[in-house]
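# Structural features, examined
In case you want the letters, here they are:
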Amino acid sequence: MTTTPPATRIALALAGGGPLGAIYEIGALCALQEALDGLALERLDHYVGVSAGGFLAAALANGLTPRALCASFIENRPEPGDEFDPAWLLVPAWGEFGRRALRLPAALADAAWQGAVRRRPVAQALQALGPALPVGLFSNEAVEKRLATLFSRHGRSNDFRRLRTRLTLVATDLDTGEAAPFGAPGWDTVPISRAVQATSALPGLFPPVAIGGRHYVDGALKKTMHASVALEDGARLLICLNPLVPFDARAMAGGRPVAEGGLPAVLNQTFRTLIHSRMELGMKQYERLYPGADILLVEPHRADPEMYSANPLGYGQRRHLAEHAYQQTRHLLYARRAELGPLLARHGIVLREDVLARPRRLMAASRPRQLAGALERLSDTLDDLDALVAAKAG
C-alpha cells in the first residue's frame, strides 16, 4: 500500500564552517524559528548536513529545537545529559601521532637512501618522510562518543533508519573523491554519530574516519552544501544556511584592503571565495533543475566585519556572534519581507513581520526564561513608545 506524499515537503540544508559556522547557524535558526509561524525546525521532512552543519542537522532531526541547541552550545546551560564541552574538539590525536611515529625510522632510512645513495634532489628525498607525518592534529573520537550517548537518549536515535524524518550527512570518500551520503538507502547502517564525525573531519585538523574499510573526510571537499539531496527527495521548500561568504572590504567605510591583513587574511578570503562560488553555481543549477521548488538562502552580509574577522575555529565569542547572527537574520528577513511573505505562504508559513519589526528584540534563548520574558516585554513596550512618540511628532 502506498501513501500520498504531503502537499508540501520542507527541507533544511546546513553548510559547514567550523565552530564559527555552527555558532552562526544556531543564531540564524533561532531567528527563523521565531519569525516563521507554522514552521517547527525540529520537525521538518528532510535534513541535509555537511561538516559542522552535520552536527546541527543530526540534532534537529532528533528533535532538539534551535533554542535547546543555543542553551547547550552557546550558553552552557543544557538539559541534563545534553552537555557539550568544546574542549572535546581539541584533544590531541595521540593515537595518530603514535602510529606515524612507528613509521619514522623506515621513512628516515628511505630519505637518506634517496639522497645519499641515489643522489635525488633534497626536496624529492624528503618526500619519503610523508608517510611518517600525522594526517590530523586533533582527535574527534570523544565527540563521536558523546554524540552516540546524546542521540541514544529516550525519544532519540543514533540509527538513521529509526528517525521520524530523513537525515542525510554527506562526507567525502578520501580514496575516490566521491560524495558519501550517509543516511541515504544503502548508506544508513552507519551510526549517526559516526557519520557526523566523518562529515566534519576537516583534513589537516582531524584524521580521516574509517568506516567499512574506507576512509572519509569533510563533505565540503566535494560540494559546499549538497542541498540537491533534499530536492531530489521531493522537497518543495528548501531552507539553506551558509555561514561563510567572501568579505567585501570596499563596502566598509575606511576599510583596509584584505592583503594588508597578511597571509591569514588572504587565505581566509581565498577559502571563503572558493566555497561560495561553488555554492552559487549549485544554486543556479537548483533553480534550473527544480523549477517547482522554492529556495530560501540565509547567509551573512558580505560587508559584515564581525563574521569575517572572527576566528573560524574560535568558541570564546560564541554568545556575541550567535546574537549577531540572530539579529542579522532578523534584518535579512524583514528587508525581504515583500518577497518572502508570499513565498512562505505557499507552504502554509506566515512571516511574522510584527516580530521582525521589533528592533530591540534579543535572542531569548540566550537568557534564563524569566529574564528573557521580562526583556521581551520591555523591548515591546519601548518599541510601542517609539511609535507613539513618532506619531505625535508627525
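Here we summarise the structure given alongside this text. Just so you know, these numbers come straight off a predicted model, no measurement behind them. (Residues numbered from 1 in each chain as written. Predicted model: local features only at pLDDT ≥ 70, side-chain atom pairs only at ≥ 80, totals over all residues. Heavy atoms only, no water.)

Check the secondary structure of the protein chain and you find 14 helices and twelve strands. Within the span of the protein chain, comprising 394 residues, buried residues form 48% of the whole. A fraction of 75% describes how many contacts in the protein chain between residues 6 or more apart in sequence connect residues 24 or more apart. Element-wise, carbon and sulfur atoms account for 59% of the exposed surface of the protein chain, whose accessible area totals about 19500 Å². (Helix = DSSP H or I, 4+ residues; strand = E, 2+ residues; numbered from the N terminus. Buried < 20%, exposed > 50% of the residue type's maximum accessible area, 1.4 Å probe, protein only. Contact = heavy atoms within 4.5 Å. Areas by Shrake-Rupley, 256 points an atom, 1.4 Å probe, with all protein chains shown as cover.)

It is worth spelling out empty space enclosed by the protein at this point. Gaps left between atoms show up when a probe the size of a water molecule is rolled over them. Counted by the stated rule, this structure contains two cavities of 30 Å³ or more. Its boundaries defined by the atoms lining it, the largest cavity holds a volume of some 50 Å³. Residue lining of the largest cavity: Pro243, Val245, Pro246, Phe247, Arg272, Pro300, His301, Arg302, Asp304, Met307 and Tyr308, and that is the complete set. Tallied by class, the residues present in the lining of the largest cavity amount to seven nonpolar, one polar and three charged. (1 Å grid on protein atoms, 1.4 Å probe; cavity = no way out; pocket = protein on both sides within 12 Å on 5 of 7 lines; lining within 4 Å. Points joined across faces, edges and corners; volume = space filled by probe spheres on them. Nonpolar A, V, L, I, M, F, W, Y, C, P; charged D, E, K, R; others polar.)

A packed helix pair is summarised by two numbers, namely the angle formed by the two axes and the spacing between the axes. Packing of helix α6 (residues 141-151) against helix α7 (residues 192-199) leaves a shortest axis separation of 8 Å and a crossing angle of 145 degrees. Regarding α6 and α7, the two cross each other, and that crossing is right-handed. In this structure, α6 contributes Glu141, Glu144, Leu147, Ala148 and Phe151 to the contact, and α7 contributes Ile192, Ser193, Arg194, Val196 and Gln197. Among the residues making up the contact of α6 with α7, the classes are represented as five nonpolar, two polar and three charged. (Axes fitted to C-alpha atoms, helices over the stretch in contact; angles between N-to-C directions. Left-handed = near helix turned anticlockwise from the far one by under 90°.)

With 75 residues, the main nonpolar core has Leu12, Leu167, Leu169, Phe182, Ile192 and Leu241 as its most contacted residues. For this core, the element with the highest residue contribution is helix α1 (residues 18-35), accounting for eleven residues. Formed by 19 residues, the second largest nonpolar core is a distinct cluster that contains Met225, Met283, Tyr290 and Ala293. (Core = buried A, V, L, I, M, F, W, Y, C linked by side-chain atoms within 4.5 Å.)

This part takes up unusual backbone geometry. Within the chain, Ser51 stands out as a residue other than glycine whose phi angle is a positive 55 degrees. Phi is positive for His226, which is not a glycine, with a value near 60 degrees. For His226, the location among the structural elements is in the loop between β9 (214-217) and α8 (228-232). With relative accessibility at 4%, the residue His226 sits in the buried group.

Quick look at the packing of α1 against helix α3 (residues 66-73) now. Where α1 meets α3, the axes come as close as 9 Å, and the angle between the chain directions of the two elements is 150 degrees. Relative to α3, α1 is oriented roughly antiparallel. Crossing hand, α1 versus α3: left-handed. On α3, the residues that touch Ile26, Leu29, Cys30, Gln33 and Glu34 of α1 are Pro66, Arg67, Leu69, Cys70 and Phe73. Grouping the amino acids of the contact of α1 with α3 by side-chain chemistry returns seven nonpolar, one polar and two charged. (Parallel < 35°, antiparallel > 145°, perpendicular 65-115°, else oblique.)

Relative to β9, strand β6 (residues 166-173) runs antiparallel, the two sharing two bridges. Bridge assignment links Thr172 to a residue of β9, and that residue is Val217. Bridging between strand β8 (residues 209-211) and β9 involves three bridges; their strand directions are antiparallel. Residue pairing across strands places Val209 opposite Tyr216, the latter belonging to β9. (Pairing = 2+ DSSP bridges.)

Once that is clear, we can look at the pattern of salt bridges. Overall, the coordinates contain 19 salt bridges when judged by the stated rule. Across the pair Glu75 and Arg319 runs a salt bridge whose closest N-O atoms are separated by 3.4 Å. Here the residue Glu75 occupies a position in the loop between α3 and β4 (91-92), and Arg319 occupies one in helix α11 (residues 318-335), the gap between them amounting to 244 residues. Three or more residues joined by partner-sharing salt bridges are found here, namely Glu34, Arg67, Arg330 and Arg361. (Salt bridge = Lys/Arg side-chain N within 4 Å of Asp/Glu carboxyl O.)

On to α3. Of all eight residues making up α3, six are buried, and the element is well covered by its neighbours. Where α3 is concerned, the buried positions are Pro66, Leu69, Cys70, Ala71, Ser72 and Phe73. Where α3 is buried, its residues meet α1, α2 (52-61) and α11.

Applying the stated rule across the entire model yields four aromatic pairs. Measuring from ring centre to ring centre gives 5.8 Å for Trp94 and Phe97, while their planes differ by 85 degrees; the resulting arrangement is edge-to-face. Residue Trp94 and its partner Phe97 are both found in helix α4 (residues 94-117); the two are separated by three residues, about one turn of the helix. Judged by relative accessible area, which is 61%, Trp94 ranks as exposed. Considering the side-chain rings of Phe182 and Trp187, the 5.6 Å spacing of their centres and the 85 degrees angle between planes classify their relative orientation as edge-to-face. Joined through ring pairs, the aromatic side chains of Phe182, Trp187 and Tyr216 make up one cluster. Sitting above the plane of the Tyr334 ring, Arg337 keeps its charged end 3.9 Å from the centroid. (Phe/Tyr/Trp six-rings, centres within 6.5 Å; stacked < 30°, edge-to-face > 60°. Lys NZ or Arg CZ within 6 Å of the ring centre and 35° of its normal.)

This part is about the pairing of β6. Most of β6 sits inside the fold, with seven of its eight residues counted as buried. Looking at chain direction, strand β3 (residues 46-50) and β6 are connected through five bridges and run parallel. Within the sheet, the bridge partner assigned to Val48 lies in β6 and is Thr168. Relative to strand β7 (residues 179-182), β6 runs antiparallel, the two sharing four bridges. Along β7, the bridge assignment pairs Leu169 with Phe182.

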